[in-house]
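The residues making up each chain are set out below.
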Amino acid sequence: MEILELQLHHAYFPDGLLKYASLVPSKSTLDFLNRYRVFVKSGDNKVVLVYIGTLSFDLFLSEFSNLMKGRPLVFEVKYQGSGFTVFTDIPLGVLEPLNFSNAKSSINGFSGKEKELSFVYEKGPVAFDDTILKIVIDPEYLRDDLLGGVKVYTLNINSRKTLWTYNVLNKGKIRNSNLKIRSHKGKLFDQRSGLITKNGEEFKVFEVGVVEMRLTYDLKDKFSLVALMNTGEGKSTSITKNLISELGSPNIDDFVVKEIDGEKQACSDMFVYL
């Protein structure tokens, strides 16, 4: 009989699956589960705990937390990809594994059978292996959840928000024009500031992430560079010329940290040359 299913979802990827990751019990947790005839069935970004013992299932559930003797079940997310701390919405500079708990988490899903795990940030030792996340299951909350009909624990991880900027260098190819960035919905973004590099190049800086935007593996928000050009036939007479139909989008290589108004800010700087 299935006791509980643990699911991991990451918003960076379109299918919600964290690539190159596996969800496994810690050694002490695996020893405990084996001792009490609980089989761990693994899948893509999930595990299912299945009871294969001889006790009646109801009796086993009522005694399960007592068997744990106050010790939590710990499951680890092992990751062999790259860029996790960049595209994941975690505090800047964090190196130790993230901890998530079933304590005081929100219940959602169908008929209250699904519970979303909460993030608990605790300063701890730096991980020297490939463990990036830990799911810590408290026995008392687990007992209450199981007896209350909860069947699934979900861990939903957001992707990082960054401030998107397009830095445009106009080498004189477009004259007498008003450059703007346009979203796929038609919204226009004006130049916010300027940037002069060490070699004297002058860039026009456009912030399309005035409201911070989340990094995604498959970007849906597309931006273009346009010019509003005066025809010389009157103040209200102008044409919009499409200069670059699809600008580059941020990826983890564009990620930088800047100090803005005294606070560290994740930024995605992109450079456009005309």
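The coordinates are above.
Every value quoted in this text rests on a predicted model; they were computed, and no experiment measured them.

Enquirer: How do you make sense of the overall build of the protein chain when you look at a structure like this?
Expert: The helix and strand inventory of the protein chain stands at four helices and 19 strands. By the burial criterion, 40% of the 274 residues in the protein chain qualify as buried. Once local pairs closer than 6 in sequence are excluded, the contacts in the protein chain between residues at least 24 apart make up 71%. Total accessible area computed for the protein chain in this model is approximately 15600 Å², and 49% of it derives from carbon and sulfur atoms.

Enquirer: What is the right way to look at helix 2 (residues 57-68) in this model?
Expert: One turn of the α-helix equals 3.6 residues, which is why residues spaced by three or four share an orientation. The first and last C-alpha atoms of helix 2 sit 16 Å apart over 12 residues, in line with the 16 Å expected at 1.5 Å per residue. Among all positions of helix 2, only F57, F60, L61, F64, S65 and M68 are buried. Along helix 2, the residues classed as buried sweep out an arc of 130 degrees about the axis, all on the same side. Taken from the residues just after helix 2, K69 is the one with a positive phi, measuring 55 degrees.

Enquirer: For this particular structure, what's the right way to read the packing of helix 2 against helix 4 (residues 139-147)?
Expert: When two helices pack together, their arrangement is given by the angle between the helix axes and the distance between those axes. Two numbers describe how helix 2 lies on helix 4: the axes approach to 9 Å, and their chain directions differ by 175 degrees. Considering their axes alone, helix 2 and helix 4 lie roughly antiparallel with respect to each other. For the pair formed by helix 2 and helix 4, the contact residues are L61, F64, S65 and M68 on the first element and P139, L142, R143 and L146 on the second. In terms of residue class, the contact of helix 2 with helix 4 is built from six nonpolar, one polar and one charged.

Enquirer: Help me out: how do you make sense of the sheet that holds strand 7 (residues 114-120) in this one?
Expert: What links the strands of a sheet is backbone hydrogen bonding, and the strands pair in either a parallel or an antiparallel sense. Read across the sheet, nine strands follow the order 2-5-8-6-7-9-1-4-3 without closing on themselves; strand pairing throughout is mixed. One side of each edge strand has no neighbouring strand; the edge strands of this open sheet are strand 2 (21-25) and strand 3 (38-43). The mean angle between the axes of side-by-side strands here comes to 25 degrees, regardless of whether they run parallel or antiparallel. Pairing between strand 7 and strand 9 (residues 152-157): three bridges, direction parallel.

Enquirer: Would you explain the packing of aromatic side chains in this entry?
Expert: Aromatic rings considered in pairs are described by the distance between their centres and by the relative angle of their planes. Here the structure, examined in full by the defined rule, presents 14 aromatic pairs. For the ring pair F203 and F271, a centre distance of 5.3 Å and an interplane angle of 85 degrees mean the geometry is edge-to-face. Of this pair, F203 sits in strand 14 (residues 202-207) while F271 sits in strand 19 (residues 263-273), placing them 68 residues apart in sequence. Take F203: its relative accessible area is 4%, and that puts it in the buried class. Members of the aromatic cluster, each reached through a chain of ring pairs, are Y12, F13, Y79, F84 and F87.

Enquirer: Even after reading the chapter, I still don't get the pattern of salt bridges, so can you show me in this structure?
Expert: Inspection of the entire model under this criterion finds 12 salt bridges. With a closest N to O distance of 3.1 Å, K27 and D31 form a salt bridge. Residue K27 and its partner D31 are both found in helix 1 (residues 27-35); the two are separated by four residues, about one turn of the helix. On the basis of relative accessible area, K27 is assigned to the exposed category, the value being 67%. Sharing partners across several salt bridges, the network here consists of E140, R143 and D144.

Enquirer: Even after reading the chapter, I still don't get unusual backbone geometry, so can you show me in this structure?
Expert: Only a minority of non-glycine residues have a phi that is not negative, and only a minority of peptide bonds are not trans. Located in the positive-phi region is Y20, a residue other than glycine, with phi close to 60 degrees. Checked against the element boundaries, Y20 lands in the loop between strand 1 (2-10) and strand 2. Here R37, not a glycine, exhibits a phi torsion of approximately 60 degrees, which is positive. Tracing the backbone through its elements, the reader meets R37 in the loop between helix 1 and strand 3.

About the thresholds
Residues numbered from 1 in each chain as written. Predicted model: local features only at pLDDT ≥ 70, side-chain atom pairs only at ≥ 80, totals over all residues. Heavy atoms only, no water. Helix = DSSP H or I, 4+ residues; strand = E, 2+ residues; numbered from the N terminus. Buried < 20%, exposed > 50% of the residue type's maximum accessible area, 1.4 Å probe, protein only. Contact = heavy atoms within 4.5 Å. Areas by Shrake-Rupley, 256 points an atom, 1.4 Å probe, with all protein chains shown as cover. Expected span 1.5 Å × (residues − 1). Arc of directions from axis to C-beta. Axes fitted to C-alpha atoms, helices over the stretch in contact; angles between N-to-C directions. Parallel < 35°, antiparallel > 145°, perpendicular 65-115°, else oblique. Nonpolar A, V, L, I, M, F, W, Y, C, P; charged D, E, K, R; others polar. Pairing = 2+ DSSP bridges. Phe/Tyr/Trp six-rings, centres within 6.5 Å; stacked < 30°, edge-to-face > 60°. Salt bridge = Lys/Arg side-chain N within 4 Å of Asp/Glu carboxyl O.

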